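An overview of the molecular structure
Chain by chain, the residues:
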Amino acid sequence: MTIFLRNRRAGAAATATALALASLAALAGTATPASASGRVTTAGPATTATALAPEPAAAPKPASPAASASPAPGDPAVPSALTLPRPTGPYATGRDTLFLTDHERTDPWVPAAGARRLLVSLHYPARPGSGGDPAPYMPEAEARLMLAQRGLDDPEWPGLVAATRTSSPTDARPAPGRFPLVLLSPGFGTPRATLTGLAEELASRGYVVATADHPYESTGTELPDGRVLTCAACDEVDAQPDEAGRRKVLAAVSAGRAADFSFLLDRLTGPRPAWRHARTIDARRVGMAGHSIGGNAAASTMAADRRVDAGVTMDGTFFDPVAARGLDGRPFLMLGTDPGHAPGAGDTSWDEGWARLDGFKRWLTVRDSGHFTFTDTPAIGEQLGIADPDAPLSAARSTAITRAYVTAFFDRSLRGRPARLLDGPTPAHPEVLFQRP
């Protein structure tokens, strides 16, 4: 993926570098293969599972003008605030946050940090008009680190991205009923907030959605006490001498996330749940989706935990291969870029994984898409004036396609509803190709 960066003009050397980075990004499923961490901040003793009070969103700041593909100085198109596309389902949505500690495991990337911890955003169907202000998108420290890793160094942007307007208030009362649970896992080096738009859409369609940050696997994860954990796992990938070593570390990332989500399922659906609204979850219907390495983690989690009934990868390489025995007949959706994730296009893990999937399955690729098409990146980037010439699909189409196909898949798999969208090509989504290898 090549991005026109603010205040930078790419010469021949810079273009070659960008192409090299894009190649490794496609391999690793990262935003960029360069070190995503900087200095690691080791956290102190772990705490027990607690609900977190939401942090106030940073005040919106005017966007600075960007060069080349960005608005010109004084252009009224420069946003004073960023927004996510509103969810389209019949339910209002709410959001809670949990901080969980797994005392049975030591953190695999920074053992000195002690027990493994997770920060989890919970989006859920809510009673209309209940709750407080819309939940903040992400802490400014996380936004700053995420943007810096991508070479986006405008000093105004972290506050602007952090203050992106969401549609889910805090402290909202849940809607009556019990709802299927969907687990979401972000890409390697990427904060969980980047899947907020999909989480809100699923919640508006009648799902409880738990999106996890995996400590030391993101450019930045801010803890409740304000400390920020950076990407030790990214440094581990960078330290490998060859591709085989990098793939081995990334396979461990995916397998480790499977353990994270099994623990999370215990804490959400077990006898003493950590979430105050856990009664709204129907534990008999659980799905999982992820972007990039998070998509690999969906398959890894299904292989390790029979409680997960269906899975989706969004442009994720299977560094941890799909189990040779298959997934016990459970459904799986592969949704990716075209041609990058078309059959025989280079990522052979999709060809191999497809052959092993033994339940209902679909292999869909999207024309003009990029690695981050399936996240909030197109919507936020478009408002900032960032252009990716290798992924010309608009933010509106990126959002519509991702929402439509992921929701249809879970409606079919977890609710038994007809999903004609998955039967074949449709004029409503001409960019989506059905692959039948």
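Everything discussed here concerns the structure shown above.
Computed from a predicted model, the values in this text were never measured in an experiment.

With 9 of 9 residues buried, helix α4 (residues 196-204) lies mostly within the body of the structure. Residues Thr196, Gly197, Leu198, Ala199, Glu200, Glu201, Leu202, Ala203 and Ser204 constitute the buried set of α4. Among the residues trailing α4, Gly206 stands out with phi positive, at a value near 100°.

This structure, assessed with the given rule, holds 1 disulfide. Sulfur-sulfur distance for the disulfide between Cys231 and Cys234 comes to 2.0 Å. Between Cys231 and Cys234, the disulfide has an S-S torsion of 70° and is therefore right-handed. In terms of burial, Cys231 and Cys234 fall into one category: buried.

What follows concerns the nonpolar core. Grouped together as the largest cluster of nonpolar side chains are 40 residues, with contacts concentrated most on Val120, Leu181, Leu183, Leu264, Leu268, Trp275 and Phe332. Discounting residues that sit within four places of it in the chain, Leu183 has contacts with Ala210, Phe261, Leu264, Leu265, Val286, Gly287, Met288 and Ala289. Listed in part, the 30 residues of the second largest apolar core include Leu202, Val312, Ile401 and Phe409.

Next up on the list: the environment of Ala212. Note that Ala212 resides in strand β5 (residues 208-213). Accessibility expressed as a relative area gives 1% for Ala212, which makes it buried. In this structure, the C-alpha to C-alpha distance between Ala212 and Leu119, residues 93 residues apart in sequence, is 5.8 Å. Contact partners of Ala212, with chain neighbours within four places excluded, come to Leu119, Val120, Leu184, Pro186, Arg192 and Phe261.

Applying the stated criterion across every chain, the model contains 8 aromatic pairs. With a centroid separation of 6.5 Å and an interplanar angle of 55°, the aromatic rings of Tyr207 and Phe410 are classed as tilted. With a gap of 203 residues between them, Tyr207 in the loop between α4 and β5 and Phe410 in helix α10 (residues 395-415) connect regions that are remote in the sequence. The same class applies to Tyr207 and to Phe410, which are both buried. Here the aromatic rings of Phe318 and Trp350 are separated by 6.5 Å at their centres, their planes lie at 45°, and the arrangement is tilted. With a gap of 32 residues between them, Phe318 in the loop between β9 (310-314) and β10 (332-338) and Trp350 in helix α8 (residues 348-356) connect regions that are remote in the sequence. Each member of the pair Phe318 and Trp350 is classed as buried. One aromatic cluster is present, formed by Phe318, Phe332, Trp350, Trp354 and Trp363 through successive ring pairs. Above the ring of Trp354, the side-chain terminus of Lys361 is found at 4.4 Å from the ring centroid. Above the ring of Tyr207, the side-chain terminus of Arg415 is found at 4.2 Å from the ring centroid.

Basis of the calculations
- Once a new chain begins, its residue numbering starts again from 1 and follows that chain's sequence as written.
- Given that the model is predicted, a residue must reach a pLDDT of at least 70 before its local features are reported, and side-chain atom pairs must reach 80 or more before they are shown or counted; all residues, however, enter totals for whole chains, interfaces and linings.
- To get the side-chain values, all heavy atoms of the structure are used, and hydrogens and water are removed first.
- A simple rule labels every residue: compare its accessible area, found with a 1.4 Å probe on the protein chains alone, to the largest value its type can have, and call it buried under 20%, exposed over 50%, or partly exposed in between.
- A run of H or I in DSSP counts as a helix once it spans at least four residues, and a run of E counts as a strand once it spans at least two, with each numbered from the N terminus.
- Note on disulfides: each one is a pair of cysteine sulfur atoms within 2.5 Å.
- Among the buried residues, those of types Ala, Val, Leu, Ile, Met, Phe, Trp, Tyr and Cys that are joined through side-chain atoms within 4.5 Å form a nonpolar core.
- For this analysis, residues touch if any pair of their heavy atoms sits within 4.5 Å.
- Whether two aromatic rings pair depends on their centres lying within 6.5 Å, for rings of Phe, Tyr and Trp, where Trp uses its six-membered ring; planes under 30 degrees apart make the pair stacked, over 60 edge-to-face, and the rest tilted.
- Consider the ring centre and the ring normal. A charge sits over the ring if Lys NZ or Arg CZ is within 6 Å of that centre and within 35 degrees of that normal.

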